[in-house]
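What follows is each chain in one-letter form.
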Amino acid sequence: MALRNIRRKETITGNRAATCRKDIQPTRRFPNHSGTLKARFAELPMTRCDLISFLATCSVLLSAGIALPDETAPSNPETRASVEITSEQLHEAISGLGSAEYSVRQRSMELLKNVTAEQIPVLGKAILNHPNNEVAQRCIELLEQNYTTGDRDSGLTRRSSDALELAAKSDRWFVAEATREILERHWKRRVEIACVELQAMGVPMSPKEPSRLWIPDHYDGGPFGRRNPISDRSLKIYADEYWKSTPEHFVLLRRLSPLVSHNIGVVGSQVAVYLLDGHPLRQEEVAELKTIFGDTLVQERGRVCLGISHWPQDAGRTGVMVSGVAQDSSADKANIRENDTLLQFDGKPLKDFDQLIESLKAFRPGDEVTFLIQRFGGQPSIEVKVKLQGWYER
């Protein structure tokens, strides 16, 4: 661009062109540093003004501590070799976090970024017991970094999660407040970890991969902001005959409560608990589930699942109008479609969705039933046979 401008000036006035030609520097060839910043500018024609401006910009960036782009430098911090620290170095670094000297604190923070999963409980103990509040606060910062930036399923992230959860119950008010704020701010990470740990303890749910809860659904934002209860955007927990209740189960279930509290303004919940026929939950345990999630989100169901959601019932109308069909469900395999109306179930008229739920409780996976369906658009009614499936695959 600079060269074209100079040539244009040459056609206008010879005197100015001569001056401009003096400013043109020959193409400068730097030594061959493949991939470096020098190599990128090696073939660029530059005026003296351009070169001075470029060098001045580089000087400002370097003085501000901003690294210049260079393809030979590692682009990802995780690619740098980590430094293993001994137990003695670990305790010295924790003590260094309370130093009056800034350089000592910074060196300690950098060293503690290399702690292993097995060393995380030492940071947790420092948060709970160290007499210096500054040390406790900086250990919390380190745990938050591991908790939020690491691989969700890594030992380092899980141990950091355990340490933060324990600190949230601390008698030291500032520790409890700081860690609760972290867990609330990163509630999605907390929900995902709780889901993975519950599944490891044998609790069936869908979707099995909790990160799918945050993937937008085409159904979201529909009439009145309704959420599709059968999509992967809604967590379904199944309490079946194999359910085993322990205090740890309920600790993890409480960590799913943000799926309710962060659901304001949307019709339909992001979580539901289905109590399937034959479950062993006691009344007080069911009451605890309702305390966590709300009465309407803990529902009794049979052993089979049709796999549909329904539109709200208009006054005076009978039947069940389908608003959605879960992929690979009983209804999907029988070619039941969105906006179909289920008029009869095994030859008996269907009044509403509640009657359909009660009727399905008499069946087990593998049983076959018949529906009379009215297709959307006034087409003739048809009979559809459906082979019923369970709620999930164990």
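Position numbers for residues count from 1 along each chain, tracking the sequence in the order it is written. Thresholds applied to this predicted model are a pLDDT of at least 70 for local features of residues and 80 or more for the giving and counting of side-chain atom pairs; totals over whole chains, interfaces and linings are not thresholded and use all residues. Just so you know, side-chain values use all the structure's heavy atoms and leave hydrogens and water out.

## Notes on the overall build of the protein chain
Logical step 1: Across its full length, the protein chain holds 16 helices and 12 strands.
Logical step 2: Within the protein chain, buried positions represent 39% of all 394 residues.
Logical step 3: Two residues form a contact once any of their heavy atoms are found within 4.5 Å. A sequence separation of at least 24 residues applies to 61% of the contacts in the protein chain between residues at least 6 apart.
Logical step 4: To measure how exposed things are, a 1.4 Å probe is used in the Shrake-Rupley method; for residues, cover is taken only from the protein chains shown. As displayed, the protein chain offers around 22,800 Å² of accessible surface, 52% of which is attributable to carbon and sulfur atoms. Comment: elements are numbered from the N terminus, with helices defined as DSSP H or I runs of at least four residues and strands as E runs of at least two. Under the scheme applied here, a residue whose accessible area is under 20% of the maximum for its type counts as buried, over 50% as exposed, and between as partly exposed, the area being computed with a 1.4 Å probe on protein chains only.

## Structural notes on the environment of V191
Logical step 1: Mapped onto the fold, V191 is located in helix 11 (residues 187–200).
Logical step 2: Residue class for V191 comes out buried when judged on its relative accessible area of 0%.
Logical step 3: For V191, the contacting residues outside a window of four places in its chain are L213, W214, R255, L256 and L259.

## Overview of the packing of helix 9 (residues 155–167) against helix 11
Logical step 1: Look at helix 9 against helix 11: their axes get within 12 Å of each other, and the N-to-C directions meet at 110 degrees. When the axis of helix 9 is compared with that of helix 11, the two are roughly perpendicular. Contacts between helix 9 and helix 11 involve T157, R158, S161, D162 and E165 on the former and, on the latter, R189, R190, I193, V196 and E197.
Logical step 2: Ten residues, namely Ala, Val, Leu, Ile, Met, Phe, Trp, Tyr, Cys and Pro, are considered nonpolar, four, namely Asp, Glu, Lys and Arg, are considered charged, and the remaining ones, Gly among them, are considered polar. Of the residues in the contact of helix 9 with helix 11, the class split is 2 nonpolar, 2 polar and 6 charged. Helix axes are fitted to C-alpha atoms over the stretch in contact, other axes to C-alpha atoms as well, and angles between N-to-C directions run from 0 to 180 degrees. Note on angle classes: values under 35 degrees are labelled roughly parallel, values over 145 roughly antiparallel, values of 65 to 115 roughly perpendicular, and the remainder oblique.

## Quick notes on helix 11
Logical step 1: The span one expects for a helix is its residue count, reduced by one, times 1.5 Å. For helix 11, with 14 residues, the first-to-last C-alpha span of 20 Å sits near the 20 Å given by 1.5 Å per residue.
Logical step 2: Burial runs high along helix 11: 10 of the 14 residues are buried.
Logical step 3: In the stretch just after helix 11, G202 is the one whose phi turns positive, near 95 degrees.

## Brief notes about the confidence of the model for the protein chain
Logical step 1: Per-residue confidence from the prediction method is given by pLDDT, with values spanning 0 to 100. With 74% of its residues at a pLDDT of at least 70, the protein chain reaches an overall mean of 81.
Logical step 2: Of the regions scoring below 50 in pLDDT, residues 1–44 engages in 37 contacts with residues more than four places distant in sequence or in other chains.
Logical step 3: Scored below 50 in pLDDT, residues 64–81 makes 18 contacts in the model with residues more than four places away or belonging to other chains.

## Description of the side chain of R105
Logical step 1: Residue placement: R105 occurs in helix 6 (residues 102–112).
Logical step 2: By the counting rule applied here, Lys and Arg register as positive and Asp and Glu as negative, while His and the ends of each chain are not counted. The term salt bridge refers to a side-chain nitrogen of Lys or Arg lying within 4 Å of a carboxyl oxygen of Asp or Glu. Among buried Asp, Glu, Lys and Arg side chains, R105 stands out as unpaired, with E134 the closest opposite charge at 6.5 Å.
Logical step 3: Polar contacts, as used here, are pairs of N or O atoms within 3.5 Å; protein pairs need one atom able to donate a hydrogen and one able to accept it. Residues neighboring in sequence count only if both atoms are side-chain atoms. Within the structure, R105 has its side chain in polar contact with the backbone oxygen of S99 (distance 3.0 Å).
Logical step 4: The contact partners of R105, leaving out residues within four places of it in the chain, are G96, L97, S99, A100 and R138.

## A word on the packing of helix 5 (residues 87–96) against helix 6
Logical step 1: Packing of helix 5 against helix 6 brings their axes to within 8 Å, and their N-to-C directions diverge by 140 degrees. Taken together, the axes of helix 5 and helix 6 are oblique relative to one another. Crossing of helix 5 over helix 6 shows left-handed handedness. In this structure, helix 5 uses Q89, L90, A93, I94 and G96 to contact helix 6, whose residues at the interface are V104, R105, S108, L111 and L112. Note on convention: the crossing is left-handed when the near helix lies turned anticlockwise from the far helix by less than a right angle, right-handed when the turn is clockwise.

## Examining unusual backbone geometry
Logical step 1: A cis amide bond, omega 0 degrees, links S206 with the succeeding residue P207.
Logical step 2: For P207, the position within the fold is in the loop between strand 1 (205–206) and strand 2 (235–239).
Logical step 3: Backbone geometry at D328 places phi at a positive 65 degrees, although glycine is not the residue there.
Logical step 4: Its location among the elements puts D328 in the loop between strand 7 (320–325) and helix 15 (330–333).
Logical step 5: The exposure class assigned to D328 is partly exposed, which follows from its relative accessible area of 49%.

## Focus: the sheet that holds strand 4 (residues 298–301)
Strand pairing in a sheet relies on backbone hydrogen bonds, with the paired strands running either antiparallel or parallel.
Logical step 1: Being paired, for any two strands, means DSSP has found at least two bridges between them. Spatially, 1-2-3-4 is the arrangement adopted by the 4 strands of the open sheet, whose pairing is mixed. For this open sheet the edge positions go to strand 1 and strand 4, each flanked by a neighbour on one side alone.
Logical step 2: Pairing of strand 2 with strand 3 (residues 271–276), which is carried by 5 bridges, proceeds in the parallel orientation. Bridge pairing links K236 to A272 in strand 3.

## Some words on the pattern of salt bridges
Logical step 1: Per the stated rule, a full pass over the model turns up 18 salt bridges.
Logical step 2: Put simply, D153 and R152 hold a salt bridge, and the shortest N to O gap is 3.0 Å.
Logical step 3: Residue classification places D153 among the partly exposed positions, given a relative accessible area of 43%.
Logical step 4: The closest approach of N and O atoms between R158 and D153, which form a salt bridge, is 3.3 Å.
Logical step 5: The network of salt bridges with shared partners includes R152, D153, R158, E192, E197 and E209.

## Here's the deal with the pairing of strand 8 (residues 341–345)
Logical step 1: One ladder, built from 2 bridges, connects strand 7 with strand 8; its direction is antiparallel. Among the inter-strand pairings, M321 is bridged to a residue of strand 8, identified as T341.
Logical step 2: Looking at chain direction, strand 8 and strand 10 (residues 368–374) are connected through 4 bridges and run antiparallel. Note on strand 10: the bridge partner recorded for Q344 is L372.
Logical step 3: Two strands pair when backbone bridges link them, and strand 8 and strand 9 (residues 348–349) are joined in this way by 2 bridges, in the antiparallel orientation. Note that in strand 9 the partner of F345 across the bridge is K348.

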